[in-house]
Each structure stands twice: as structure tokens, then as C-alpha cells.
Amino acid sequence: MTEDKSGEDRTAKVRRLAEERSGESARQTDRIVAEQDSQRVVHELQVHQIELEMQNEELRMAQRQLGESLAKYSDLYDFAPVGYITSNRDGLILETNLTFAGQLGVERGRLVETPLWLYVAAPDRAKLKSHFDQVFKSNERRTCELRLQRPSGPELYVQLDSAWVLDVDGAELCRTSVTDISIRKEVEKEVDKVHDELERRVDERTAQLSENEGMFRKLSQEFQTLLNAISDTLILLSPEMEILWTNRGNALELNETTSDPIGQYCYKLLHDRSAPSEDSPVTSCFDTVEKKAAVVTHQGAVLDIRAFPIKEAERVSSVLLVVSDITEKMAMQAEAMQAAHMASLGELAAGVAHEINNPITGIINYGQILINECSPESMEKDIGERIVKEGERIGLIVKTLLSFARGGQEVKKPIGVPAVLEESIILIQAQIRKEGIDLKIGLPEDLPEVEANFQQLQQGFINIINNARYALNEKYPGRHKDKRLEITGEKVIIGVRPHVRIVFYDRGVGISTHELSMLTKPFFSTKPFGKGTGLGLNITQKIITDHGGQLSFESAKGEFTSVIIDLPAIWSGDGVEK
């Protein structure tokens, strides 16, 4: 028992000692922990102190930088080259810089809390109000120009550039820059003066030029009128044969399909060629630098062409072509030659007629003796009648030939168309029979008379019949059933007046549509060279026109040709032919 008790005591004692030792250890641990916490707090305080010192340093630096920036801003704001104003919606100046104060010549302190319009020239105050209204209404940058009035000195021209802003309290403000534009305005005034002076000089110069231009235009018109009054055609040609200029008043039509010949080529218009000819007078003029001349035909007209070189620096820069229409001159010469020929023929015919008439008269007398001396039923009497008939026929032919060759005077008198046609047929009926041409004549007996010159009308009929003979012989060299010439007549009314129409119709080679319009031009002929002079239909047209009539044509190439003559009939004026 004692051992057990003593053992428990030792255990309890050990336990107590352990607890005491544990308590000391715990207390020691608490002291260590407390010391550590104290050190940590001290460390944190030290760190926090350092942070605060650093923040203070940063604040001092920021404050110093802010002060420097404020000073810079103040300097820039106050001493900027333009004025700055901050104002509210009412235009009250809340803030301004020294530059604006200097522009007005007023202390800055006196400007603050005063309306801006007080310093604006009276005529421009409405403009300022409208400017502010637009800025606060649109919230956009606006610009205007106006004048500021200063206590002393002249008015100041400025340009306002305003923008809408909000301050820290949310109030609407207007920040405005004020730029002095007085120098610019002065320059503009000087520019305006110079501009006005230039305009004045320009006006004077323009008036002078206008006067000179008027004189030049008048001279040009007179010169152009003079050129256009020239009946000849003047053409200025380049070395490439291109037409540079031509007078427009000439009678010669260069080309029916070209209204404006400028820019066209001469060899195409005058000669209808694709390239210039080496023997052309224009080409020779360029090559030889000498005047050249030639006579050519163009669309039935005879042209006298003369080329004159125009020199520049010892070379021919262009050629002036003078084109004269000598068709009428050639026609007159031809007519004169024909008249001389007819006069000679008349003299020859008169001599021949005299020589023929004497033996024919004897032959007719001998025939008449046979008729008188022989019995009525005898062969001799029949032979005598035939001799008399053929002799009288020979005498009539000679008389008609003599009348046609002499022509007679230019006297018109009432005649019947059948009589003229009969006299015409007498002269050429032998050739018609020889060529195998079937001649059919259908003229009504009631054809009215016409007032005409017998020989002239006869000449026109013979010209038309000879053309028909040529066309029929070309198509039918021998005899043919269609080798026929039909001559018909009728009375027609043209306008209100009766006319006699004579139609010569043949089934010969015909005429092309292009050639129909050129048939009556002098020297134009559908016949090969050497077979026609090109004057027959021209003379015929002149005869018909001189008699107040018309000559027209209808034809189809290779089929037929109709030549139509309309001559005014003689009438009393009441619709009754005489």
C-alpha cells in the first residue's frame, strides 16, 4: 500500500513538476510571442512612416510641378499672341488674359464681370449676339469678324473663334480666342484698291480692245464680203492638199455632199481622187515654187485653175488656188463658133441650093412635059408624075436645109408644133430609115399654136431626135423590134394656163439618176469623148426657157428615156386657145 501510494505521489509530483515546467515554457513562449508582435508592430510603423514620408515627398514634388505648370499656363495665357475670354451665356466676361486687355487698352481687372458687347462697335453688336447664340445652340466651334472700340485709338478688327464648354460645376461657358486682324484688313483694303485699279485698267484696256476688235471685225467683214463677192472660188491649201480656208460666196459648189469643205482634201473635192496627182497644178506649185495654171472639168463645169505659192522662210507654206468657172465663157465661144459654122453652112447651102434648084427646075419641067404630052394611061405619064414628085421633094429638102442653115431673125410668131416637127423630120428622115429606127408620130390635130421662133424650135427638136438616135444605135446596132422612137403630143394645164406637151420617147441605153440632173450643163455629155460636145441639150434648154417653157427628163438606165417639152399655148386669157 505504501509503495502504491508512494508511486502515485511520485507520479503526481512528476506531473506537477511537468505542469510547472510546462507553465514556465508557456509563459516563456508568450513572452517571445509578445516580443515578436511588438517588433512586428514597430516594423510596420516604421514602414508606414517611410511610406508617409515618400508620399509627402511626392506631394511636394507634385505641388512644385503644379506650381510650375500653373506659372507656365499663366504666362502662356496672359502673354499669348491672341486674346482669350471666358464668358457665360449672357456674354459676361468671367476671365480674360492680359493680351485681350492690351488689345482694348483696358486694365484686366476692369474687364472681369462686364459684358463683352460693351467693347464691340455698335454696328457689330447684333453680329456678336448672333455669334454667341449659334455657339450655345449648336455646341460647335464658330467664327466671326467684328470691330472692337477702344477708349483711345482707332477701332480694332478682330476675329472671334468660340467654342462651347462645361465647367466643373456643370455650367455652360464660352471660351473665345480674339485674333487681331487689323493688318490683314489693311492689306485687304490695299488689295481691294489694287484690285479696283486693276479692274479699272482692265476695263479701259477691254474698252480699247473692244474698239479695236470692232474695227478689226468691221475690216474683216468688209474683207470677207469682198472675198465672197468675188465670183471665183478662192481656196487656201496646206502642203498635204488640205483645205484651210475658202470664200463662201462663190458660185462653184465644191461637193454636193460636203457642206463645209474646211479640212477636206482638194483632190477629193475637185477631182474625186484618193491621192493627189503628180501633174496637178497645186502639186507643181509646191514643187517648183512657181505659179501654175490648168483647165479641168468638174461635174459638167469647165474650170480655170490657177495656183499661187505663198512663201515663208524660202519655202512654200501654202498655196492659194483660184478657181474660175469658165463654162459660160466656153459655151459662148462654142456658140460663136457654131454660129460662124452655121453662117458658113448657110452660105454653102445657099450656093448648093442655087446649083441644085436650077437643074431640079429643069427636071421638073421635063417631067411635066411628059405628063402633058403622054396619054393618061401610059407608062410615060406615070414616070413623069414620079419625076415631078421626087423633084419637088428634092426642092423641099433643099429649101428646108437652106432655111435651117440661115436661122432667120429672133422673131417669134404663132406656129403649129406639127409643122415644126415635120420640117425637122425632113432633114433627118433619111438617116432614120438608114439606121432602121421605127419612127412613130402621134400629134392630135387640135393642138393649139405656140408663139415661137421656127428655126430655134426646129433646132431643139433636131438635137433631141439626134440624141435618141444615138441611144437607140448604141443599144441596137442593127435592126430590132424595140428600136423605136415615139413622138407624141397633148394639151396639158400647168398652173392655170394651157400648154403644149411634146414627148420624145426611146428605148435606148437610158441615163443614170446621177447624170439626169447634169444633162443640161454645158460640156457635159454621156457620149464618149469625140462623139458629143455637151452643148446640144444646153442649147435646147436655153431655147425652151427663152420660149417660156420647161425641159424635163425621165429615164431608167438601160431601159428608156423620155424628153418632155412643155410650151405655153397661145390663149386669150379667158381659158380659150387662139
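Residues numbered from 1 in each chain as written. Predicted model: local features only at pLDDT ≥ 70, side-chain atom pairs only at ≥ 80, totals over all residues. Heavy atoms only, no water.

Asks: Which residues make up the packing of aromatic side chains, and what values do they have?
Replies: For the structure shown, the criterion picks out two aromatic pairs. With centroids separated by 5.6 Å and ring planes inclined at 55°, the aromatic side chains of phenylalanine 461 and phenylalanine 504 adopt a geometry described as tilted. Within this pair, whereas phenylalanine 461 is found in helix 11 (residues 454–475), its partner phenylalanine 504 is found in strand 15 (residues 497–506), the two being separated by 43 residues in sequence. Assessed through its relative accessible area of 2%, phenylalanine 504 is described here as buried. (Phe/Tyr/Trp six-rings, centres within 6.5 Å; stacked < 30°, edge-to-face > 60°. Helix = DSSP H or I, 4+ residues; strand = E, 2+ residues; numbered from the N terminus. Buried < 20%, exposed > 50% of the residue type's maximum accessible area, 1.4 Å probe, protein only.)

Asks: Account for the sheet that holds strand 1 (residues 83–87), with residues named and values stated.
Replies: Read from one edge of the open sheet, five strands run 2-1-5-4-3, paired in antiparallel fashion. With one partner strand each, in any of the chains shown, strand 2 (93–96) and strand 3 (142–148) form the two edges of the open sheet. Looking at each pair of strands side by side, their axes are set apart by 30° on average, direction ignored. For strand 4 (residues 156–166) and strand 5 (residues 172–180), the ladder comprises nine bridges, and the chain directions are antiparallel. (Pairing = 2+ DSSP bridges. Axes fitted to C-alpha atoms, helices over the stretch in contact; angles between N-to-C directions.)

Asks: Account for the pairing of strand 10 (residues 315–325), with residues named and values stated.
Replies: Moving residue by residue along a regular strand, the side chains alternate between the two faces of the sheet. Summarising burial for strand 10: eight of the eleven residues are buried, a large majority. Two elements, strand 6 (residues 233–237) and strand 10, share five bridges in a ladder whose sense is antiparallel. Looking across to strand 10, one finds that leucine 237 is bridged to valine 319. Count of turn residues in the strand 9 (residues 301–312)/strand 10 antiparallel hairpin: two residues, of which alanine 313 carries a positive phi of about 55°.

Asks: Kindly report on the sheet that holds strand 15, identifying the contributing residues and their values.
Replies: Spatially, five strands are ordered 12-14-15-17-16 in an open sheet, and the strand pairing comes out mixed. Single-partner strands in this sheet number two, and they are strand 12 (438–442) and strand 16 (550–556). When the angles between neighbouring strand axes are averaged without regard to direction, this sheet yields 20°. Two elements, strand 12 and strand 14 (residues 484–494), share five bridges in a ladder whose sense is parallel. Counted as the bridge partner of aspartate 438 is arginine 484 from strand 14. Its contacts with the sheet place helix 10 (residues 417–434) against strand 12, strand 14 and strand 15, and it is angled at close to 175° to strand 12. Its contacts with the sheet put helix 11 on strand 14, strand 15, strand 16 and strand 17 (560–568), and the angle it makes with strand 15 is roughly 30°. (Contact = heavy atoms within 4.5 Å.)

Asks: I'd like a rundown of unusual backbone geometry, residues and numbers included.
Replies: Positive phi is not limited to glycine here, since glutamate 113 has a value of about 65°. Mapping glutamate 113 onto the fold places it in the loop between helix 3 (108–111) and helix 4 (125–138). The phi angle at valine 289 is positive, at roughly 55°, despite the residue not being glycine. Among the secondary structure elements, valine 289 is positioned in the loop between helix 7 (281–288) and strand 8 (292–298).

Asks: Which residues make up the packing of helix 10 against helix 11, and what are the values?
Replies: At a closest axis distance of 9 Å, the pairing of helix 10 and helix 11 adopts a crossing angle of 40°. By the angle class used here, helix 10 and helix 11 are oblique. Seen from above, helix 10 lies across helix 11 with right-handed handedness. Along its contact with helix 10, which presents Val417, Ala419, Val420, Leu421, Glu423, Ser424, Ile425, Leu427, Ile428, Gln431 and Ile432, the element helix 11 presents Phe454, Leu457, Gln458, Phe461, Ile462, Ile465, Asn466 and Arg469. Across the contact of helix 10 with helix 11, the residue classes tally to 13 nonpolar, four polar and two charged. (Parallel < 35°, antiparallel > 145°, perpendicular 65-115°, else oblique. Left-handed = near helix turned anticlockwise from the far one by under 90°. Nonpolar A, V, L, I, M, F, W, Y, C, P; charged D, E, K, R; others polar.)

Asks: Can you break down the environment of glycine 391 residue by residue, with the values?
Replies: Inspection of the secondary structure puts glycine 391 in helix 9 (residues 379–406). The buried category is assigned to glycine 391, whose relative accessible area is 4%. It is 9.6 Å that separates the C-alpha atoms of glycine 391 and proline 359, two residues lying 32 residues apart in sequence. In this view, glycine 391 contacts Ile360 and Ile364; residues no more than four positions away in its chain are not counted.

Asks: Which residues make up the environment of lysine 475, and what values go with them?
Replies: For lysine 475, the location among the structural elements is in helix 11. With 32 residues separating them in the primary sequence, lysine 475 and arginine 507 have C-alpha atoms 8.5 Å apart. Apart from residues no more than four positions distant in its own chain, lysine 475 is found in contact with Arg507, Gly508, Val509, Gly558 and Glu559. At a separation of 3.5 Å, a polar atom in the side chain of lysine 475 contacts the main-chain carbonyl oxygen of arginine 507. (Polar contact = N/O pair within 3.5 Å; in protein donor to acceptor, adjacent residues only side chain to side chain.)

Asks: Please set out the nonpolar core residue by residue, giving values where relevant.
Replies: Counting residues in hydrophobic clusters, the biggest one holds 33 residues, and the most contacted among them are Leu457, Phe461, Ile465, Ile502, Phe504 and Ile565. Where this core is concerned, the elements lending two or more residues are helix 10, strand 13 (450–452), helix 11, strand 14, strand 15, helix 13 (536–546), strand 16 and strand 17. For this core, the leading source of residues is helix 11, giving seven residues. With near-sequence residues (within four places) excluded, phenylalanine 461 lies in contact with Val417, Val420, Leu421, Ser424, Ile502, Phe504 and Ile565. Phe100, Val106, Phe132 and Leu160 belong to the second-largest nonpolar core, a separate cluster that totals 22 residues. (Core = buried A, V, L, I, M, F, W, Y, C linked by side-chain atoms within 4.5 Å.)

Asks: Run through the environment of glutamate 474, naming residues and quoting values.
Replies: Relative to the assigned elements, glutamate 474 resides in helix 11. Glutamate 474 gets classed as partly exposed once you look at its relative accessible area, which sits at 42%.

Asks: Requested: an account of helix 10, with residues and values cited.
Replies: Compared with the 26 Å implied by 1.5 Å per residue over 18 residues, the 25 Å span of helix 10 between its first and last C-alpha is a close match. Residue isoleucine 428 marks the point of greatest curvature in helix 10, where the axis turns by about 55°. When helix 10 is considered as a whole, its buried residues turn out to be Val417, Val420, Leu421, Ser424, Ile425, Ile426, Ile428 and Ile432. At the exit of helix 10 stands glycine 436, carrying a positive phi of roughly 75°. (Expected span 1.5 Å × (residues − 1). Bend = angle between axes of the 7 residues up to and from the residue.)

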